[in-house]
Amino acid sequence: MSTETQLSSRYNPHDLEPALYERWEKGGYFTADPVRSAEPYTIVIPPPNVTGYLHIGHALNNTLQDILIRWRRMQGKDALWVPGTDHAGIATQHVVEKKLWKDEHLDRRDLGREKFLERVWAWRDQYGTRIITQLKRLGCSCDWSRTRFTMDAGLSRAVLTVFKRLFEEGLIYRGDYLVNWSPKLQTALSDDEVEYKMVKGHLWHIRYPMADGEGSIIVATTRPETMLGDTAVAVHPEDERYKHLIGRQVKLPLMHRLIPIIADTFVEREFGTGAVKVTPAHDPNDYDMGLRHELKMINILTPDGHLNDNAGPYKGLEILAGRKKVVEDLEAQGLLIKVEDHEHSVGHDYRSGCVVEPYLSKQWFVKMKPLTGPAIEAVRSGRIQFVPSHYENVYYHWMENVRDWCISRQLWWGHRIPIYYCADCGHIWCEVERAPKGCPRCSSPRIHQDPDVLDTWFSSALWPFSTLGWPDKTPELDKYYPTNTLVTAHEIIFFWVARMIIMGLKFMGDIPFSKVVINPLVMDEHGKKMSKSSGTAIDPIEVIDQICADSIRLTMASYPTQSRHISLSDKRFESMRNFSNKLWNATRFVLMNTEDLSAESLAAGPDPKFLELEDKWILANLNRATQQATAALEQFGFDAYVDSVYKLIWNYYCDWYVELVKDRLYSSDPAGQGRLTPASRTTAQVVLVSVLEQILRLLHPVAPFITEEIWQNLKSRWGNGNSRFDSDVLMTARWPEAAPAAEGEAAIESAMNLIQEAIGRIRAIRGELNVPPGTKVDIDIVTSNTVRLDLLDLQQHYIRNLTAIGELRFGSAHTLAGFSSTAVIEDVTIHVMLPEELRAQERTRLDKEIARLEKGVSGAEKKLSNEKFIGGAPADVVQAERDKLEKLKIELAALAAKRKGLE
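In this report, the structure presented in the accompanying data block is examined. (Residues numbered from 1 in each chain as written. Predicted model: local features only at pLDDT ≥ 70, side-chain atom pairs only at ≥ 80, totals over all residues. Heavy atoms only, no water.)

**Section: the pattern of salt bridges**
Pairs can form between side chains of opposite charge whenever their charged atoms are close. Filter applied, for reference: Whenever Lys or Arg places a side-chain nitrogen within 4 Å of a carboxyl oxygen from Asp or Glu, that contact is recorded as a salt bridge. Three labels apply to residues, based on accessible area from a 1.4 Å probe with only protein chains included: buried if under 20% of the type maximum, exposed if over 50%, partly exposed otherwise in between. Secondary structure elements are defined from DSSP: runs of H or I of at least 4 residues count as helices, runs of E of at least 2 residues count as strands, and each element is numbered from the N terminus.
Counted by the stated rule, this structure contains 60 salt bridges. Between Lys315 and Asp309 there is a salt bridge, and its shortest N-O distance comes to 2.8 Å. Considered together, Lys315 and Asp309 belong to a single accessibility category, that of exposed residues. A salt bridge links Arg624 to Glu745, with the nearest nitrogen and oxygen atoms 3.7 Å apart. Of this pair, Arg624 sits in helix H20 (residues 613–634) while Glu745 sits in helix H25 (residues 745–768), placing them 121 residues apart in sequence. Take Arg624: its relative accessible area is 27%, and that puts it in the partly exposed class.

Printed below as a string of structure tokens:
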């Protein structure tokens, strides 16, 4: 057995992380096996865009997923985390087009569809796996052998199969429809891809002359240029100002065509003049009104956002230029009555940032209403649960007000719509198996395929089952569907979560997952959106390079992960690095002081006869932390999980237990007595190592690298014949199970709390009064409580070992003469004997302590006088508050008396 620790003097994660990850991956430890009899636990990754790189939101989302996968794997489940990427139609085509223009000054149309798609695939092969590599650096334990891409052959087949079935059932249709149009990207957008922003604009009041020359009507509009496509003026049917005009006609300014005045209850009498222009081809409300009144729909825009032939003399002008010219001409003709400042909500393309135009065009749609019922019921019945639960309301709102889903996009990169048209007989059909050579109805060879592609979210909606082999019946599909947990962001509940539920129920007859965990949005430390321009963006790869992967994982999971957003401070990364160093150094201490501990002794466990108070205390806290960590993960309380293990390691194990056992470790006298016998030393060593080993298991899901490295060192020393090291790697070691609380555990906790508080108060007095660390002071501990007095006397070695003490006395009365600084712990008073010249400083210290206690008493009294608290809080909580108040009052009275005696 080595006589030296195998851990380096400093924790160097950059030397360890790549080698550890390679060992995990090559060893196949991430790989699930459908043949295994173990219960499955499955997560499908929200597939990042191939254009993407790892940002701080990914770091949070994937850390939480990996915690769940590693934890469930350690519980013995056949854990499958399916990775993959999304082809990101609009984003990827945009990137490649920009590169094409920059490098070669070519447009995609210069290449043609086939050649351009070759360029996109080449770009994807070169750059599309970048984010996968970055996820590995984060430590993600995905089953990389099952990595999928939304346009790989298997998923493409699934997409086309779903399209054909929906088409044949009449749930996919093509029609003239007002869509959200991006003039910059020249494609339709779904409602969910439109981001609304408040914009400062104007309200133009325009006179529309009556056709018979008798008077006029004034309308108010925020879009004067669209009047070129007006086909009516609308008023409310009960508006007394305009009742007499309903049914008459006006002459449309600038275009000189006659349009009717119609009555519709949609019109708000209080807005503007109470009369509105109706442009069915360029406003969603006007479109609905046009359908109700069978109005003509005139499109005045080209796909790239210019005015077309229907705009008459304004043809060729860009939208804003057209607006300016229209306003100038109206003013010149005396038809512009007034202009008011007006702030209103305007839709923008969330990708390109351009203003979205309502645009009438031929598009493909999915009928949503027939599909939403089962999806709503799945959540209402509790089969699918959102965490936090309030996001269910967001889901219901969207599902209950859903509109048909526009699934066609005017792009080349994506799943091409499998619809064919015959130029001779007009037949339209769907074909997914092979490209047809002629029309199945008339045999004409003059056929062509629809040029559009499907919305990226269409393929993503099939992700939970398409990635497992559907439409084939595969062993993976049989075992791993439905999946268990989805971890995602709230902004894609509409885009993705809802549609996965719809498609899963439709094509698999079952829900795609049972839990939807919504992670928060990551903001900067001031609660503002992170951005590169403001210098607040945090690159997780830079954090990994500068600090380590475990630090970023610990940091992200330590925030309240069930809140709406978290305010991230990069200082916490440093804090978590310090935590890693603390664990590393504690391990080095343990290894250096257990060199003579045999594997057999460790395997046998601690001898109950030689367990000291500190051993029982740390074992109780280990058991409690195990129970808390497991319960927290069961409820997706990632921050509570990290907090419980962090406190166990830092507060209990490193700060206290390691210090409390040093006297036993350093004693090697065979003739030692009491706690300093060889048997007691061995027991301390066994507890040190066994608790450390279980700590590593508890911490592993969130900090896999450092825990694996340390565990391997423990295994190399004590693994031979020890069942706790049966696993090759920590990541497949068994997750600890908490035992019921042992008899007397509360008394052990109470005793150790008193000892720790006594040591803490003595240290605090020395620190506040600047007593040099090596200076020994006499201490008098006084209480009339004989049980507590006997306890402190019996365990006085703790106080002696951890504070510099001269004489230490215990009794029911203060017997040491001279000036002392005083601390009170309920009914125990600690007198720290000090030089007379520190009297003034002691008065100041007591004043601060008395003020703190008075504030505590006031707060507790206020709470206990609150009838809502007394009547609504659990009885044990109310009693705990009463006990707290009593304790504060006792301590306050003792310190007040001491303070008075110092005058």
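**Comments concerning the packing of aromatic side chains**
Put simply, the test is: Centre distance within 6.5 Å is the pairing criterion for rings of Phe, Tyr and Trp, where only the six-membered ring of Trp is used; planes under 30 degrees apart are then read as stacked, over 60 as edge-to-face, and the remainder as tilted. To sit over a ring, a charge needs its Lys NZ or Arg CZ within 6 Å of the ring centre and within 35 degrees of the ring normal.
As enumerated under the stated definition, the model contains 32 aromatic pairs in all. One aromatic cluster is present, formed by Tyr21, Trp24, Phe30 and Phe705 through successive ring pairs. A cation over an aromatic ring shows up here: Arg70 above the ring of Trp24, its NZ or CZ 4.6 Å from the ring centre.

**Observations regarding the nonpolar core**
Selection rule: Nonpolar cores are built from buried Ala, Val, Leu, Ile, Met, Phe, Trp, Tyr and Cys residues. Side-chain atoms within 4.5 Å join them into one set. Contacts: residue pairs with any heavy atoms within 4.5 Å of one another.
Residues Ile56, Tyr395, Phe458, Met503, Tyr641, Tyr653 and Ile830 are the most contacted members of the largest nonpolar core, which totals 203 residues. When residues in this core are grouped by element, the largest group, 12 residues, is from helix H21 (residues 638–660). For Ile56, the residues in contact, after removing those within four places along its chain, are Val522, Met530, Ile538, Pro540, Ile552, Met556, Leu568 and Phe573. Of all hydrophobic cores here, the second largest spans 42 residues; its members include Ala188, Leu228, Ala275 and Val327.

**Notes on the pairing of strand E8 (residues 216–221)**
To keep things clear, this is the line we draw: Any two strands between which DSSP finds at least two bridges are classified as paired.
Examined bridge by bridge, strand E7 (residues 194–209) and E8 share 6 bridges and lie antiparallel to one another. Bridge pairing links Trp204 to Thr221 in E8. In this antiparallel pair of consecutive strands, E7 and E8, the connection spans 6 residues, and Gly213 shows a positive phi of 85°.

**Concerning empty space enclosed by the protein**
The condition that has to hold: With a 1 Å grid spanning the protein atoms alone, the term cavity applies to any set of points in which a 1.4 Å probe fits but cannot get out, the term pocket to an open set with protein on both sides within 12 Å along at least five of seven lines, and the term lining residue to any residue with an atom within 4 Å of a point. Grid points are joined across faces, edges and corners, and a volume is the space filled by probe spheres set on the points. Classification convention: Asp, Glu, Lys, Arg as charged; Ala, Val, Leu, Ile, Met, Phe, Trp, Tyr, Cys, Pro as nonpolar; all other residues, Gly among them, as polar.
Tallied over the full model, the rule gives 1 cavity of 30 Å³ or more. In this structure, the largest cavity spans a volume of roughly 50 Å³. Surrounding the largest cavity, His87, Gly89, Ile90, Glu193, Arg351, Arg409, Leu411, Trp413, Val453, Leu454, Asp455 and Thr456 form its lining. Taken together, the residues of the lining of the largest cavity break down into 5 nonpolar, 3 polar and 4 charged.

**A word on the packing of helix H18 (residues 571–592) against H21**
Quick note on the threshold: All axes are obtained by fitting lines to C-alpha atoms, using only the stretch in contact for helices, and the reported angles, taken between N-to-C directions, cover 0 to 180 degrees. The labels follow the angle: roughly parallel below 35 degrees, roughly antiparallel above 145, roughly perpendicular from 65 to 115, and oblique for the rest. When the near helix sits turned anticlockwise from the far one by under a right angle, the crossing is termed left-handed; a clockwise turn instead gives a right-handed crossing.
Relative orientation of the contacting elements H18 and H21 amounts to 40°, with a least axis distance of 11 Å. For the element pair H18 / H21, the angle class is oblique. Between H18 and H21 lies a crossing of left-handed hand. Contact residues: H18 offers Ser575, Met576, Asn578, Phe579, Lys582, Leu583, Ala586, Phe589 and Val590, while H21 offers Tyr646, Ile649, Trp650, Tyr653, Cys654, Asp655 and Val658. Counted by class, the contact of H18 with H21 contains 12 nonpolar, 2 polar and 2 charged residues.

**Focus: the packing of H21 against helix H23 (residues 678–699)**
Closest axis-to-axis distance for the H21/H23 pair is 11 Å, and the angle between their directions is 160°. When the axes of H21 and H23 are compared, the pair comes out roughly antiparallel. Between H21 and H23 the crossing geometry is left-handed. On H23, the residues touching Tyr641, Val645, Leu648, Ile649, Tyr653, Tyr657 and Val658 of H21 are Ala684, Val687, Leu688, Val691, Leu692, Ile695, Leu698 and Leu699. In terms of residue class, the contact of H21 with H23 is built from 15 nonpolar, no polar and no charged.

**What about the sheet that holds strand E16 (residues 405–406)?**
The 4 strands are arranged E6-E5-E14-E16 in an open sheet whose pairing can be described as antiparallel. Each end of this open sheet is capped by a strand with a single partner; those strands are strand E6 (187–189) and E16. By the bridge criterion, 2 bridges tie strand E14 (residues 357–366) to E16 in an arrangement that is antiparallel. Each residue of the ladder has a partner; that of Val366, found in E16, is Trp405.

**As for the environment of Thr561**
In this fold, Thr561 is placed in the loop between helix H17 (549–558) and strand E25 (565–568). Given a relative accessible area of 3%, Thr561 falls into the buried group. Separated by 529 residues in sequence, Thr561 and Ala32 place their C-alpha atoms 28 Å apart. Every residue in contact with Thr561, bar those within four places of it in the chain, is listed here: Leu60, Leu64, Ile518, Asn519, Pro520, Met556, Phe636, Phe638 and Asp639.

**Comments concerning the environment of Val516**
Within the secondary structure, Val516 sits in strand E23 (residues 515–519). Setting aside chain neighbours within four positions, we find Val516 in contact with Ile384, Gln385, Phe386, Val387, Leu486, Thr488 and Val497.

Read these as layout, nothing more, since geometry by itself doesn't imply function.
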